[in-house]
Amino acid sequence: MKYPGRYGPYGGFYVPEVLIPVLEELEEAFYNFYQDKRFIKDLQLLNRDYAGRPTPLYHASRLSEHLGCQLLLKREDLLHGGAHKVNNCLGQALLAKYMKKTKLIAETGAGQHGLATAMIGALFGMETKIFMGAVDVERQSVNVHKMKLCGAQVIPVEGGTGTLKDAINEALRYWTANVSDTFYLFGTAAGPHPYPTIVRHFQSVIGTEARQQCLEQTDRLPDKVIACIGGGSNAIGIFSGFVDDRQVELIGVEAGGEGLTAGKHAATLVAGRVGILHGVKSYLLQNSEGQIAETESISAGLDYPGVGPEHCQLKDSGRAKYVALEDEKVLDAFELLCRCEGILPALESSHALAWLMQQKEKFQKDQLIILNLSGRGDKDVGIVEKYRKL
Ligand SMILES: *Cc1c(COP(=O)(O)O)cnc(C)c1O
């Protein structure tokens, strides 16, 4: 490959040899097209007219009052599909088209990335296969149905624990056998090089917009930028706009689940150790023998044992800070945003808000904070209802 795809010691491409030429082809295509005028124009139009960009940077004044700071919400929840995932799917699917690929494949856990890929597959008229753990297919029947409505084929993966990591293994295996016409649309800023770079690029539109909007609306940069972390794509997307502004503090919030000591969680950066999974070296949740640990979170979208390599580097260098918040606090945060602003946040995004609530006493009134509201919470109402009776 032309580029090593390293973020410090993290990243790389630890894949079977048959996959190397495939990743090379993808790397070459990405670097050929991402600065191409026609490609940029095509993607801008899709982002504007199909996805609904730019998203507002909204001053949540009632919630600001409550928290004792000035809170700006980057409203990725208002995008088509209800989350930031469409940014990545449009970018990669357009790249697939420029590469003259006719078929898309993707992995999915909770079904959110699978559904976003199925939507774009329909939009582009591309045959779409979604690999999904058999257990997840059972658990997420509504999303499975929506993917089928968009014309995608959902392939249940029986091996392993029947969850996301098995779906990724199977999608990679299928890809090696079908590379000539098939593009693998990977869902987050992890996986083997060049995916972390590609996904960061297509999500960086969040940070670019947010920085410009913040300067226009407030005449200054924020003090802090906060986002939730699953694989790390929405967070790296917004962080990328501010990473060179050394005075802006970057905070990533992981899923603390039932608690870091007692129960299951998905706090990879906070509690993981370095290892290799799905072709990339990063922090990982693993047991004492190095086997991948089972993760759990109230928000299915954060439930992944790995994390993108750039976040690992940002953690080690101290440029970004990573914390974990437990399910109970996440539910409090979910309710607070509903009550104060009439906005139902995704449980994933509620993690970031939960950290803000915890910091409440420490703020000064004029502190300016941007929180990336990665998605809307309609999908989570049933879960919240189980825990909190009104
Ligand atoms: C998928 C998802 C996430 C987690 O994925 P990242 O790659 O870490 O951004 C967060 N929020 C929402 C709403 C999601 O759908």
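### With respect to the sheet that holds strand S5 (residues 103-108)
Working definition: the strands of a sheet are paired by backbone hydrogen bonds and lie parallel or antiparallel to each other. Taken together, the 4 strands give an open sheet; going across it, the order is S7-S6-S5-S8, and neighbouring strands pair in parallel fashion. What marks the edges here is a single partner per strand, and that holds for strand S7 (153-157) and strand S8 (182-184). Adjacent strand axes in the sheet meet at a mean angle of 25 degrees, parallel and antiparallel pairs treated alike. Pairing analysis gives 6 bridges linking S5 to strand S6 (residues 127-133), with the strands arranged parallel. Within S6, the residue paired with Ile105 across the bridge is Lys129.

### A few points about the domain arrangement of the protein chain
Domain boundaries in the protein chain define domain 1 (7-47 + 84-195) and domain 2 (55-82 + 206-387). Taking the mean C-alpha position of each, domain 1 and domain 2 sit 23 Å from one another. Each partner contributes residues to the interface: domain 1 has 26 residues there, and domain 2 has 33 residues. In total, about 2400 Å² of surface goes out of reach between domain 1 and domain 2, with carbon and sulfur atoms giving 65% of it. At the boundary of domain 1 and domain 2, one finds 0 salt bridges. In this structure, the connection of domain 1 to domain 2 is made through 10 residue pairs in polar contact (both at pLDDT 80 or more). Listed by contribution, the elements that provide at least two residues to the side of domain 1 that touches domain 2 are strand S2 (10-11), helix H4 (85-98), helix H5 (112-124) and helix H8 (164-177). For the side of domain 1 that touches domain 2, the leading source of residues is H8, giving 4 residues. In terms of residue class, the side of domain 1 that touches domain 2 is made up of 14 nonpolar, 11 polar and 1 charged.

Rules used throughout
Residues numbered from 1 in each chain as written. Predicted model: local features only at pLDDT ≥ 70, side-chain atom pairs only at ≥ 80, totals over all residues. Heavy atoms only, no water. Pairing = 2+ DSSP bridges. Helix = DSSP H or I, 4+ residues; strand = E, 2+ residues; numbered from the N terminus. Axes fitted to C-alpha atoms, helices over the stretch in contact; angles between N-to-C directions. Domains from an automatic or database assignment. Contact = heavy atoms within 4.5 Å. Buried area = accessible area lost by both parts, 1.4 Å probe. Salt bridge = Lys/Arg side-chain N within 4 Å of Asp/Glu carboxyl O. Polar contact = N/O pair within 3.5 Å; in protein donor to acceptor, adjacent residues only side chain to side chain. Nonpolar A, V, L, I, M, F, W, Y, C, P; charged D, E, K, R; others polar.

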